[in-house]
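Single-letter residue listing:
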Amino acid sequence: MKYYSTGAKSVSVTLKEAVIKGLAPDRGLYMPKKIPLIDKKTVSQMKEWNFKEIANTVAQFFFGQDISSGALKEIVDDALPFETPLVRVHDNIYTLELFHGPTLAFKDVGARFMARILRHFIRETNSKKDINVLVATSGDTGSAVANGFLGVNGIHVFVLYPKGKVSPAQEYQFTTLGQNITALEIDGTFDDCQEIVKQAFTDGELNEKLYLTSANSINVARFLPQSFYYFNAYAQLDKRGISDELIVSVPSGNFGNLTAGLFAWKMGLPVKRFIAANNRNDVFLEYLKTGVYNPRASVETYANAMDVGNPSNFARILDLFDNDHRKITDLISGFRYTNEDIAQTMQKVYNLYGYVLDPHGACGYASLEDYGLLPSETGIFLETAHPAKFKETVDRILHSDIEIPAKLQKFMNGTKQSVELGKDFAEFKAFLMK
Ligand SMILES: *Cc1c(COP(=O)(O)O)cnc(C)c1O
């Protein structure tokens, strides 16, 4: 499969090149030239399969031309040793719990998959030089990527995160690891971190000296595997006979997760409508309403992994729908929530149904309510993180003392190690060059 850039359709690179480079040289995002169609029969068989089996099948369609089926199966099986269970919250509202991986957030899926694909290609290349993975994080990406790549030979990971703007549980998950992981505490916002990373990829001097790649959802090996669990969600509903009119609500920040869902839809997954659930960072909602995309600085909210003012994958969404606003609004709706809305939703769902939402999932749930599901429709919202990752916020809102899973506690017992840097690209560059 060849990949082009959202910047130029004439670009044509292999999967290997797209994964190793991350971002195209013109700063565009790589897109597969063809989106494979999965036949209806295969999709309907999935209800008998587990997550790994579904993931293997979808992966084969996307990556089967570039990686031998044996190697690909090893990558998928090793990357995804956990399930993404579907849980009924009430009536026709379900949640797909994506937090059963090692760092308790959905990003484990893409990060673990990408680490293994990259390792596969590095082995093939036989390069002596390390590959440096740069990742900007508002919290969860850093932990998933750092843990996904921990101890992988030939790869060094630099995690850039905004000082004081991630939760303690998130911070511990990527600052306590050591080995091939370096945490950089940037005196700025997530958007500043993301801008530094983007600049690094286009800096001639830096790229001459070092191999750099990105593990943000701009990387095709990170975001495409996220399409696997949309098929899994469908399969689980299909098994219960309620998959005919599916509404999928996705708590969104950089829009990698939603874009993966749109790819699944293009591959033939029967979804009636997608909902982009946002916090106060609502540039996408504004685009849906007005057709004008107006990126701006992000504001801090309870759902901090969605505090993004200029979502990277917006370019992919435009590209998928030929820049046609009408086509986009025909398939995608949007809603936005303030911190007060998030808190009220969490309290309501906890009190009425006994389900503990995290602040991101709360936006997803609230969107389904505001959308107003018909009795014939089934709504799914993605639960993108375990609530214990935001324990301080969740306990304050619910007056609870939720349990911290052992997986998470293990990180909290470690010692934080990080390097503090300003938000200037020059400072970051000087650090990498030495
Ligand atoms: C990253 C993240 C999101 C946003 O996902 P995008 O793919 O960036 O849109 C939502 N919730 C949680 C918990 C996250 O970590």
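Refer to the structure above for everything that follows.
All figures in this text were calculated on a predicted structure; none of them were measured in a lab.

Chemist: Please explain the overall build of the protein as it appears in this structure.
Modeler: Regarding its fold elements, the protein presents 20 helices and 14 strands. If one aligns the C-alpha atoms of the protein with their principal axes, the spans along those axes are about 60 × 50 × 45 Å. When the 434 residues of the protein are sorted by exposure, 62% land in the buried category. Pairs at least 24 apart in sequence give 75% of the contacts found in the protein among residues at least 6 apart.

Chemist: Help me understand the site of the ligand in this model?
Modeler: Around the ligand, 15 residues are found, and the nearest of them are Lys107, Asp140, Gly253, Asn254 and Phe255. Between the ligand and Phe255, the relevant distance is 2.8 Å, taken from an oxygen atom to a main-chain nitrogen or oxygen of the residue. A distance of 3.1 Å separates an oxygen atom of the ligand from a polar backbone atom of Gly256. When the free accessible area of the ligand is taken as 380 Å², the share hidden by the protein chains comes to 98%.

Chemist: In this structure, what is going on with the layout of surface pockets? I would like to understand it.
Modeler: In this structure, the largest pocket spans a volume of roughly 350 Å³. Considering the residues around the largest pocket, the lining is formed by 21 residues, among which Lys165, Val166, Glu300, Thr301 and Asn304 are closest to the centre. The element best represented in the lining of the largest pocket is helix α18 (residues 391–398), accounting for 4 residues. The residue makeup of the lining of the largest pocket, split by class, is 7 nonpolar, 8 polar and 6 charged.

Chemist: Mind showing me how you'd approach the sheet that holds strand β10 (residues 246–251) here?
Modeler: Strands belonging to one sheet form pairs held by backbone hydrogen bonds; the direction of such a pair is parallel or antiparallel. With mixed pairing, the 6 strands of this open sheet are ordered in space as β4-β5-β13-β10-β11-β12. Strand pairing shows two members of the sheet lacking a second neighbour, β4 (86–90) and β12 (332–336), which therefore form its edges. Strand-to-strand twist in this sheet, taken as the mean axis angle between neighbours without regard to direction, amounts to 25°. Bridge count between strand β5 (residues 93–97) and strand β13 (residues 378–383): 5 bridges; the pairing is parallel. The residue bridging Tyr94 from the neighbouring strand is Ile380, located in β13.

Chemist: For this particular structure, what's the right way to read the pattern of salt bridges?
Modeler: Where charged atoms of side chains with opposite charge meet at close range, the side chains can pair. Counted under the stated rule, the structure contains 24 salt bridges. One salt bridge in this structure joins Lys389 and Asp140, with 2.9 Å as the shortest N-O distance. You can see Lys389 sitting in the loop between β13 and α18 and its partner Asp140 sitting in helix α6 (residues 140–149), a full 249 residues away along the chain. Each member of the pair, Lys389 as well as Asp140, is classed as buried. Salt-bridge contacts for Lys327 lead to Asp322; the nearest nitrogen and oxygen are separated by 2.6 Å. Overall, the relative accessible area of 36% leaves Lys327 in the partly exposed class.

Chemist: Even after reading the chapter, I still don't get the nonpolar core, so can you show me in this structure?
Modeler: The tendency in soluble globular proteins is for nonpolar side chains to be buried side by side. Of all hydrophobic cores here, the largest spans 100 residues; its most connected members are Tyr3, Phe149, Tyr230, Phe231, Phe284 and Ile332. Of all the elements, helix α5 (residues 107–125) adds the most residues to this core, at 9 residues. Among the nonpolar cores identified, the runner-up in size contains 34 residues, and Ala105, Met346, Cys363 and Ile402 belong to it.

Chemist: Help me out: how do you make sense of the packing of aromatic side chains in this one?
Modeler: One pair of aromatic rings is described through two measures. These are the centre distance and the angle between the planes. All chains considered together, the criterion is met by 17 aromatic pairs. Pairing Tyr287 with Phe314 gives two aromatic rings, centres 5.0 Å apart and planes at 75°, and the pair type is edge-to-face. On the criterion of sequence distance, the pair formed by Tyr287 in helix α13 (residues 283–290) and Phe314 in helix α14 (residues 314–320) is long-range, its members being 27 residues apart. As far as burial versus exposure is concerned, Tyr287 and Phe314 are alike and both buried. Seen from their ring centres, Tyr293 and Phe314 are 3.9 Å apart, and the 15° between their planes marks the pair as stacked. Residue Tyr293 is located in the loop between α13 and α14, and its partner Phe314 is located in helix α14; the two are separated by 21 residues in the primary sequence. For Tyr293, a relative accessible area of 23% puts it in the partly exposed group. An aromatic cluster is defined as three or more aromatic residues linked by ring pairs; in this entry it consists of Phe62, Phe63, Phe113, Phe223, Phe228 and Phe263. Positioned above the aromatic ring of Tyr211, the side-chain terminus of Lys129 is 4.5 Å from the ring centre.

What counts, and where the lines are drawn
- Residues numbered from 1 in each chain as written.
- Predicted model: local features only at pLDDT ≥ 70, side-chain atom pairs only at ≥ 80, totals over all residues.
- Heavy atoms only, no water.
- Helix = DSSP H or I, 4+ residues; strand = E, 2+ residues; numbered from the N terminus.
- Buried < 20%, exposed > 50% of the residue type's maximum accessible area, 1.4 Å probe, protein only.
- Contact = heavy atoms within 4.5 Å.
- Near = heavy atom within 4 Å.
- Polar contact = N/O pair within 3.5 Å; in protein donor to acceptor, adjacent residues only side chain to side chain.
- Areas by Shrake-Rupley, 256 points an atom, 1.4 Å probe, with all protein chains shown as cover.
- 1 Å grid on protein atoms, 1.4 Å probe; cavity = no way out; pocket = protein on both sides within 12 Å on 5 of 7 lines; lining within 4 Å.
- Points joined across faces, edges and corners; volume = space filled by probe spheres on them.
- Nonpolar A, V, L, I, M, F, W, Y, C, P; charged D, E, K, R; others polar.
- Pairing = 2+ DSSP bridges.
- Axes fitted to C-alpha atoms, helices over the stretch in contact; angles between N-to-C directions.
- Salt bridge = Lys/Arg side-chain N within 4 Å of Asp/Glu carboxyl O.
- Core = buried A, V, L, I, M, F, W, Y, C linked by side-chain atoms within 4.5 Å.
- Phe/Tyr/Trp six-rings, centres within 6.5 Å; stacked < 30°, edge-to-face > 60°.
- Lys NZ or Arg CZ within 6 Å of the ring centre and 35° of its normal.

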